[in-house]
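Okay, here's what each chain looks like letter by letter:
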Amino acid sequence: MPESLIPVTLLTGFLGSGKTTLLNHLVRQPELADALVIINEFGEVGLDHLLMSRLPDDSVVEMSSGCLCCTIRGDLVSTLKDAHWRFSRAGERRFDRVVIETTGLADPAPIVQTLMTVGVITRRYRFDGVVTTIDLTNADRTLDTQPEALKQAAMADCLLLTKADLAEPTAVKALEQRLLAINPSACRLQVHNGVVAPRTLLELGLYDPATKIPDVARWLGEEALLGVSGDHDAHDSAHDQEHGGHHAHAHDLNRHDDHISAFCLVLDEPLDESLLDTWLDLQRSLSGKDMLRIKGILNLRGRERPVVIHGVQHIQHPPVELPAWPSEDRRSKLVFITRDIPRETLAQSLDAFLDSWQR
Ligand SMILES: [Zn+2]
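Residues numbered from 1 in each chain as written. Predicted model: local features only at pLDDT ≥ 70, side-chain atom pairs only at ≥ 80, totals over all residues. Heavy atoms only, no water.

Listed as protein donors to the zinc ion are Cys 67 (SG), Cys 69 (SG) and Cys 70 (SG); their distances from the metal cover 2.2 Å. Each donor residue of the zinc ion lies on the same chain, and together they follow the pattern C-x1-C-C. Across the pair, Cys 69 and Cys 67 agree in class, each one buried. (Donors = N, O, S within 2.8 Å, 3.2 Å for Na, K, Ca; no water. Buried < 20%, exposed > 50% of the residue type's maximum accessible area, 1.4 Å probe, protein only.)

Right, dumping it as structure tokens:
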């Protein structure tokens, strides 16, 4: 059962964006009393000693022999695999969640891929979400010059904006607009001195922690991408106007083009499973590196229940069939966060593909 799997949160953020301050606050909160914290501080400033001595038999693992996203992904696999006995007491696992802090320069995609696809991990853990800290005093320049930082922002489920007190209010506003254009569906909030309620950045995955049932709308970020309910075309145009406004505004203010698009394709008719798989495979092989995230709920022909998909770049988590539809709305919804692939390109490609095969 998915709820019996241990949630894993990935904490990213560029150098100096306040990850360690945040983590220092988090590990003192009751919600994280039993968390296993994995830090990868390769080439960065030393970690706060208070954090390291948080527990007598510490549950902080430092992985500093290389970078988690490129050189020591295998070490991450063995650390998570061994954690069950390594961090146990009287044979009982002692932690109920994992937080992984990456280095500032890390690309979150390969780490998420590892968490979603390596069998020894997926048998016990579930990837919960990406949390990214953004330093409001520096982020504009960082996003302009560091592709990893842009990717960290684009792939986030939750954006934590730090150092607002040190930034110009107009700059903060412009940056918030820029982030809204890059990643409209991520939650976005300002944090001061790392102080944040843990519940806002834990349990970002598909399952509602209280009810244990899937909360698909929240997970897909439907509200931001489509509007909450009703006719999607009407909402789409309202959304386009509203967010087109945001985009234009942000671009006017900053003259940025981050090349990132976030959008949702809605399909009214049930889909042929193998056709859709083929199309997704094709997109992944043509432009996988630019498909930063794909999430979706699918109405597949011949299936009573909805199927949820989740992918990062070239790889996809095995599809999960939900026990029931979350609402009356039985349309398929595919959410994409892409780089240099506009909505129209994918929408037309999918339409043409389905048409040509279904005719
Ligand atoms: Zn790396």
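So that's the structure; there's more coming.
Pairing in this open sheet of seven strands is parallel, and the strands run S3-S2-S6-S1-S7-S8-S9 from one edge to the other. Edge positions in the sheet fall to strand S3 (60–62) and strand S9 (187–191), since each of these pairs with one other strand and no more. If you compare each strand with its neighbour and ignore which way they point, the axes differ by 20° on average. Sheet strands touched by helix H8 (residues 169–182): strand S7 (125–135), strand S8 (158–162) and S9. Its angle to S9, the strand with the most contacts, is close to 155°. (Pairing = 2+ DSSP bridges. Helix = DSSP H or I, 4+ residues; strand = E, 2+ residues; numbered from the N terminus. Axes fitted to C-alpha atoms, helices over the stretch in contact; angles between N-to-C directions. Contact = heavy atoms within 4.5 Å.)

As a further point, take helix H13 (residues 343–358). With 16 residues, H13 ought to run about 22 Å at 1.5 Å a step, and its terminal C-alpha atoms sit 22 Å apart, in line with that. Listed as buried for H13 are Leu 346, Ala 347, Leu 350, Phe 353 and Leu 354. Each buried residue of H13 sits inside an arc of 135° when the element is viewed along its axis, so together they form one side. On the buried face of H13, the contacting elements are strand S10 (260–267), helix H12 (273–287), strand S11 (291–298) and strand S15 (332–339). (Expected span 1.5 Å × (residues − 1). Arc of directions from axis to C-beta.)

This paragraph deals with the pairing of S15. Across the eight residues of S15, seven count as buried, placing the element largely inside the fold. Alignment of S11 against S15, held across six bridges, turns out to be antiparallel. Pairing of Gly 296 across the sheet is with Leu 334, part of S15.

A full pass over the atoms with the stated rule returns 20 salt bridges. Across the pair Asp 258 and Arg 178 runs a salt bridge whose closest N-O atoms are separated by 2.7 Å. Placement of the pair is Asp 258 in the loop between helix H11 (232–254) and S10 and Arg 178 in helix H8, with a sequence separation of 80 residues. The same class applies to Asp 258 as to Arg 178, namely buried. With its nearest N and O atoms 2.8 Å apart, the salt bridge here joins Arg 303 to Glu 273. Residue Arg 303 is found in the loop between S11 and strand S12 (307–312), and its partner Glu 273 is found in helix H12; the two are separated by 30 residues along the sequence. On the basis of relative accessibility, which here comes to 30%, the residue Arg 303 falls in the partly exposed class. When its relative accessible area of 30% is taken as the criterion, Glu 273 is described as partly exposed. A network of salt bridges, in which partner residues are shared, links Arg 97, Arg 126, Asp 128 and Glu 203. (Salt bridge = Lys/Arg side-chain N within 4 Å of Asp/Glu carboxyl O.)

The next subject is the nonpolar core. Grouped together as the largest cluster of nonpolar side chains are 68 residues, with contacts concentrated most on Leu 76, Val 98, Ile 100, Leu 115, Tyr 125 and Leu 179. Both domains that meet at this core, namely domain 1 (2–200) and domain 2 (256–358), each give it at least three residues. If sequence neighbours within four positions are ignored, Leu 115 has contacts with Val 8, Leu 76, Leu 80, Ile 100, Ile 121, Thr 122 and Phe 127. Among the nonpolar cores identified, the runner-up in size contains 22 residues, and Leu 276, Trp 279, Met 291 and Ile 309 belong to it. (Core = buried A, V, L, I, M, F, W, Y, C linked by side-chain atoms within 4.5 Å. Domains from an automatic or database assignment.)

A word on the environment of Leu 143. Mapped onto the fold, Leu 143 is located in helix H6 (residues 139–145). Taking the C-alpha atoms as reference points, Leu 143 and Leu 179, 36 residues apart in sequence, are found 9.9 Å from one another. Contacts of Leu 143, omitting those with residues within four sequence positions, involve Ala 149, Leu 150, Ala 153, Leu 175, Arg 178, Leu 179 and Ile 182.

What is shown is where atoms sit, not what they do.
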